[in-house]
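So you can see what is in the structure, the chains are spelled out below.
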Amino acid sequence: GIHAGIFMPLGKNAIFGNSPTIGLSYMSTMAKNIVFDLYYKARFHSSAKPFDFVFKEDIRSVEAKTSHVISLGLGAKVFDRKGFVILPKVNLGYGFIWTGLSETQYEEDEYGNEYESLRYTNVSTMHTTLGVSFLKLVSRKTYVGLETNLHLIPYNWDSNLKTPIPSRYASIDFFVRF
């Protein structure tokens, strides 16, 4: 499926404001009452404030432009009539704030050839979601929907993050599932 929506802090948040979101997902068949999904979503932070992050033993001020999540979910249909479905679900995944910080590493392969690789360092955390999807069947396997979610994202689990970033958010997404 394809998702587009808005991601919003709950309560006071000095770092992130409302952020547009886009994403891609795969959802198991709607023929069963239990539904699994896998998704990737990117959030765009045009008005994010700088935060302090330790990189190479120095504290850097970072202005994050994007954050990302890859997540697995489980839902159970509570309503399924005349092409309309209500699907509460829970998701658990890996989230990160893109910092743009990187370093070049030099390594050797098994034949002794030297090569360089770029290693990025980001704010990493767990991403948990509790939500409800409302879906309407529009053709054989295609649904349009609205999804509302509450998110718990404990960014401060990353010991390199020195500025507290609140953990509670909400989102609303419109999506097409094929």
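Our structure is the block above this text.
These figures come from a predicted structure and were not determined experimentally.

Peer 1: What should I look at first to understand the overall build of the chain in this one?
Peer 2: Counting secondary structure elements, the chain contains 0 helices and 11 strands. For the chain, the α and β elements follow one another from N to C terminus as β-β-β-β-β-β-β-β-β-β-β. With the C-alpha coordinates of the chain rotated into their principal frame, the extents come out at 60 × 50 × 25 Å. Buried positions account for 42% of the 178 residues belonging to the chain. Counting every atom, the chain has about 10100 Å² of accessible surface; 61% of that belongs to carbon and sulfur. The averaged location of the 16 negative side-chain charges in the chain is 21 Å from the averaged location of its 19 positive side-chain charges.

Peer 1: Looking at this structure, I do not really get the nonpolar core. What am I missing?
Peer 2: Nonpolar side chains tend to gather and get buried jointly when the protein is soluble and globular. In this structure, Phe 16, Phe 51, Ile 97, Tyr 155 and Ile 165 are the most contacted members of the largest nonpolar core, which totals 17 residues. Mapped by element, the contributors of at least two residues to this core are strand 4 (51-55) and strand 8 (84-108). By residue number, the principal contributor to this core is strand 4, which donates 3 residues. Filtering out sequence-adjacent residues up to four positions away, Ile 97 remains in contact with Phe 16, Phe 51, Ala 64, Thr 66, Ser 67, Asn 122, Val 123, Tyr 155 and Ile 165. Met 30, Val 35, Leu 135 and Tyr 143 belong to the second-largest nonpolar core, a separate cluster that totals 8 residues.

Peer 1: Where do I start with the pattern of salt bridges in this structure?
Peer 2: Working definition: two side chains of opposite charge can pair if their charged atoms are close together. As enumerated under the stated definition, the model contains 7 salt bridges in all. Close ionic contact of Lys 41 with Glu 147 constitutes a salt bridge, the shortest N to O distance being 3.6 Å. Here the residue Lys 41 occupies a position in strand 3 (residues 34-44), and Glu 147 occupies one in strand 10 (residues 143-152), the gap between them amounting to 106 residues. Glu 147 shares its class with Lys 41; the two are buried. Taking the shortest distance from any N to any O, the salt bridge between Glu 147 and Lys 89 comes out at 3.0 Å. Of the two residues, Glu 147 is situated in strand 10 and Lys 89 in strand 8; the sequence distance between them amounts to 58 residues. Grouping residues by exposure puts Glu 147 and Lys 89 together as buried.

The rules behind these values
Residues numbered from 1 in each chain as written. Predicted model: local features only at pLDDT ≥ 70, side-chain atom pairs only at ≥ 80, totals over all residues. Heavy atoms only, no water. Helix = DSSP H or I, 4+ residues; strand = E, 2+ residues; numbered from the N terminus. Buried < 20%, exposed > 50% of the residue type's maximum accessible area, 1.4 Å probe, protein only. Areas by Shrake-Rupley, 256 points an atom, 1.4 Å probe, with all protein chains shown as cover. Lys, Arg positive; Asp, Glu negative; His and termini not counted. Charge placed at Lys NZ, Arg CZ, Asp CG, Glu CD. Core = buried A, V, L, I, M, F, W, Y, C linked by side-chain atoms within 4.5 Å. Contact = heavy atoms within 4.5 Å. Salt bridge = Lys/Arg side-chain N within 4 Å of Asp/Glu carboxyl O.

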